[in-house]
Every structure is written in C-alpha cells, then in structure tokens.
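Residues per chain are reported as follows:
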Amino acid sequence: MKSYLPKRFDFRVRVFMEEPDFGKGVAQLLLLTREKGSLSAAYKSMGMAASKAWKILNRAEADLGVKLVERKSGGKQGGGSHLTPEGEDILNRYENFQKEVAEAVKRSFIKNFGNSGES
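Residues numbered from 1 in each chain as written. Predicted model: local features only at pLDDT ≥ 70, side-chain atom pairs only at ≥ 80, totals over all residues. Heavy atoms only, no water.

**Overview of the overall build of the protein**
Keep this limit in mind: By definition, any uninterrupted DSSP run of H or I lasting at least four residues is a helix, any uninterrupted run of E lasting at least two residues is a strand, and each is numbered from the N terminus. Note that the radius of gyration is over C-alpha atoms, with the globule rule given as 2.2 Å times the number of residues to the power 0.38. The criterion used for residue contact is that any of the two residues' heavy atoms lie within 4.5 Å. The method behind every accessible area is Shrake-Rupley, applied with a 1.4 Å probe, and residues are considered shielded solely by the protein chains displayed. In this tally, Lys and Arg are treated as positive and Asp and Glu as negative; His is ignored, and so are the chain termini. To locate a charge, the coordinates of NZ of Lys, CZ of Arg, CG of Asp or CD of Glu are taken.
Along the protein, the regular secondary structure elements total 4 helices and 2 strands. Against the 2.2 N^0.38 benchmark of 14 Å for 119 residues, the protein shows a C-alpha radius of gyration of 18 Å, more extended than a compact globule. Here the analysis covers contacts within the protein between residues at least 6 apart in sequence; of these, 53% occur between residues at least 24 apart. Of the roughly 8000 Å² of accessible surface on the protein, a fraction of 49% belongs to carbon and sulfur atoms. Positive and negative side-chain charges in the protein, numbering 21 and 15 respectively, have mean positions lying 7 Å apart.

Right, here's the structure in full:
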C-alpha cells in the first residue's frame, strides 16, 4: 500500500428537518436519560453542562417538532425524566441508521483505501 494513503476515517451522522440538530450528542443524552431515568444524571455522566444539554435537546425538539423527553421537576418526591414515545422511536431509528451507515462507510473506505480503517 502507498504510504500516503489514509489509514483511518471519521464521519458524522445527523438527522433533521431543517437544521442539523440531532446527532451523536443528542442520541447519547437520550440513551443515558432512558438508562438513568434523569436528564440531569445523563448530562452529568457525559461531563456536559446543564445549559448545553438543554440547548441541544431544545434545538432537536424544535427542529423535529416533537417533545423527546418528558421532564418532571424535582422536589420532595424527586424529579426524573423519561423519553416520550417519539423520543424512543427517533432514538431507535437513529441508532439503526447510524449502524447501517457506519458499515457502509467502512466498506467504502476499504474499497477505496485498502485497509480496515477505524471509525
């Protein structure tokens, strides 16, 4: 193989209506919210500021035109968050789409650059 040919690749998958607001970060935030039952716990485990988490979630919801997370404020009983049915649906579809795209991109990289690459 020629020494100047790249050995690695990277790509981003984002889905949207008008603005590219739903990608890896929002998907991870939703996934962790589902697992932890808390938006706060999700963004904290990502090392993300609350303001950034709210910003990316609100932008994705505005672009898609649906609520992705149902939030319950804290208090004596404690708060919590869970994905809406639309949030569950878009997260599942995004994960499947991202996996299929990753496989196709890897095949194309091997075809064009001749090694396994890393995504």
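There's plenty left to go through after this.
**Overview of the side chain of D21**
Stated precisely, the cut-off is as follows: Relative accessibility thresholds used throughout: buried, under 20% of the residue-type maximum; exposed, over 50%; partly exposed, between the two (1.4 Å probe, protein chains only). Under the rule applied, a polar contact is a pair of N or O atoms within 3.5 Å (in protein, one hydrogen donor and one hydrogen acceptor; residues adjacent in sequence only if both atoms are side-chain atoms).
Mapped onto the fold, D21 is located in the segment before α1 (24-36). Judged by relative accessible area, which is 13%, D21 ranks as buried. Within the structure, the side chain of D21 is placed 3.3 Å from the side chain of R59, a separation counted as a polar contact. Each residue touching D21, except ones within four places of it in the same chain, is listed here: V15, F16, V26, I56, R59, A60 and D63.

**Let's talk about the nonpolar core**
Rules: The set of buried Ala, Val, Leu, Ile, Met, Phe, Trp, Tyr and Cys residues whose side-chain atoms join them within 4.5 Å is what this entry labels a nonpolar core.
With 22 residues, the main nonpolar core has F22, L29, L30, L57 and L68 as its most contacted residues. Every element with two or more residues in this core is listed here: α1, α2 (39-45), α3 (50-64) and α4 (85-113). Aside from chain neighbours lying at most four places away, what touches L57 is L29, L30, L39, L68, V69 and R71.

**Focus: the layout of surface pockets**
Rule in force here: Any residue with an atom within 4 Å of a point lines the site, the site being either a cavity, points on a 1 Å grid over the protein atoms alone where a 1.4 Å probe fits but cannot get out, or a pocket, an open set with protein on both sides within 12 Å along at least 5 of 7 lines. Grid points are joined across faces, edges and corners, and a volume is the space filled by probe spheres set on the points. Each residue gets one label: Ala, Val, Leu, Ile, Met, Phe, Trp, Tyr, Cys and Pro are nonpolar, Asp, Glu, Lys and Arg are charged, and the others, such as Gly, are polar.
Here the largest pocket is characterised by a volume of approximately 550 Å³. Around the largest pocket, the lining comprises 23 residues; the ones closest to its centre are V13, G23, K24, G25 and Y94. Of all elements in the fold, only α1, α3 and α4 reach the threshold of two or more residues within the lining of the largest pocket. Ranked by the residues each element gives to the lining of the largest pocket, the list is headed by α1, at 6 residues. Taken together, the residues that form the lining of the largest pocket break down as 9 nonpolar, 5 polar and 9 charged.

**Quick notes on the side chain of T84**
Along the chain, T84 turns up in the loop between β2 (80-83) and α4. The exposure class of T84 is buried, given its relative accessible area of 8%. There is a polar contact of 2.9 Å between the side chain of T84 and the backbone nitrogen of G87. Setting aside chain neighbours within four positions, we find T84 in contact with K67, L68, V69 and E70.

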